[in-house]
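Take a look at the letters that make up each chain.
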Amino acid sequence: MTVKRGDIFALLGPNGSGKSTSIKILLSLVRPDSGNIEIFGDQFDYNPNKILSRIGSLVESPAFYERISAINNLSILTVYSGIKKTEEELMETIALVGLESRAYSKVSSFSSGMKQRLGIAQALLHGPELIILDEPFSGLDPQGVRDIRNLINKLNKDKVITVMISSHQLDEIESLANRMIIINN
């Protein structure tokens, strides 16, 4: 498969078809049995850290410290990742995902959709060129799905971030992705 710069590219297929496994291979969380991976024009096997530093991801459900605020969660994550961000820069990221009014609220008070958006904020902390989102609509109500869809479009158009999404929801992918591949078995 080929993902082009500026795409909103979808991996589409039923549960168990290999979408999440493909994403985990691209993120170096699982080793492939065979084949070659080239990302940003570089062979993945030769310099994975250089490549991964240019990718943000949200695989499965985001996990945060529930008893502290969104901004404190992101602050802790920057320390763990060795990223230097001021509180103002963290607020810009939180505003980008539409959570500015809840930046100082405990994550335990967040809906599933708000946690997904905070997870996307986490994926954006280091300014990636590509974000990979594994089933970003899973478990969301219709408003949450619309919010995530609008956020993905905004990131792609305004921030010129290439987006790769996995999903089994054809209707959402058809309205969002400009290119897709269907995986089965």
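Located above this text is the structure these notes cover.
Residues numbered from 1 in each chain as written. Predicted model: local features only at pLDDT ≥ 70, side-chain atom pairs only at ≥ 80, totals over all residues. Heavy atoms only, no water.

Visitor: How would you summarise the overall build of the protein if you had to cite specific residues and measurements?
Guide: The helix and strand inventory of the protein stands at seven helices and seven strands. Tracing the protein from N to C terminus, the helices and strands come up as β-α-β-β-α-β-α-α-α-β-α-β-α-β. The globule rule puts the C-alpha radius of gyration for 185 residues at 16 Å, and the 16 Å found for the protein is close to it. Taken along the three principal axes of its C-alpha coordinates, the protein extends 45 × 35 × 30 Å. Looking at the protein alone, contacts between residues at least 24 apart form 71% of all its contacts between residues at least 6 apart. Of the roughly 10000 Å² of accessible surface on the protein, 46% is carried by carbon and sulfur atoms. (Helix = DSSP H or I, 4+ residues; strand = E, 2+ residues; numbered from the N terminus. Rg over C-alpha atoms; globule rule 2.2 N^0.38 Å. Contact = heavy atoms within 4.5 Å. Areas by Shrake-Rupley, 256 points an atom, 1.4 Å probe, with all protein chains shown as cover.)

Visitor: Break down the side chain of Asn-73 for me, citing the residues and quoting the values.
Guide: Along the chain, Asn-73 turns up in helix α3 (residues 70-81). For Asn-73, the contacting residues outside a window of four places in its chain are Phe-64, Tyr-65, Ile-68 and Val-107.

Visitor: Outline the packing of α3 against helix α5 (residues 112-124), listing residues and values.
Guide: Working note: a packed helix pair is described by the angle between its axes plus the distance between those axes. For the pair α3 and α5, interaxial distance at closest approach is 10 Å and the crossing angle is 30°. The orientation of α3 with respect to α5, classified from their angle, is roughly parallel. In this structure, the crossing between α3 and α5 has a hand that is right-handed. Residues Ala-70, Leu-74 and Leu-77 of α3 lie in contact with α5, whose contacting residues are Leu-118, Ala-121 and Gln-122. Looking at the contact of α3 with α5 residue by residue, the class counts come to five nonpolar, one polar and no charged. (Axes fitted to C-alpha atoms, helices over the stretch in contact; angles between N-to-C directions. Parallel < 35°, antiparallel > 145°, perpendicular 65-115°, else oblique. Left-handed = near helix turned anticlockwise from the far one by under 90°. Nonpolar A, V, L, I, M, F, W, Y, C, P; charged D, E, K, R; others polar.)

Visitor: With reference to specific residues and values, describe helix α6 (residues 142-158).
Guide: Helix length check: α6, at 17 residues, gives a terminal C-alpha distance of 24 Å against a target of 24 Å (1.5 Å per residue), a fit within 8%. Within α6, burial applies to Gly-144, Val-145, Ile-148, Arg-149, Leu-151, Ile-152, Leu-155 and Asn-156. Burial along α6 is one-sided: seen end-on, the buried residues are contained in an arc of 160°. In α6, those exposed residues whose orientation departs by more than 90 degrees from the buried face are Pro-142, Lys-157 and Asp-158. (Expected span 1.5 Å × (residues − 1). Buried < 20%, exposed > 50% of the residue type's maximum accessible area, 1.4 Å probe, protein only. Arc of directions from axis to C-beta.)

Visitor: Any details on helix α4 (residues 87-96)? Residues and values, ideally.
Guide: All of the buried residues in α4 are Leu-90, Thr-93, Ile-94 and Leu-96. Axial view of α4: buried residues confined to an arc of 160°, hence all on one face. The inward-facing, buried residues of α4 contact α3, α5 and α6. In the segment just after α4, Gly-98 is the residue with positive phi, at about 80°.

Visitor: I'd like to hear about the side chain of Ser-69, residue by residue, with values.
Guide: By secondary structure assignment, the location of Ser-69 is in the loop between β4 (55-58) and α3. Residues contacting Ser-69, with those up to four places away along its chain left out, are Ala-103, Tyr-104, Ser-105, Lys-106 and Val-107.

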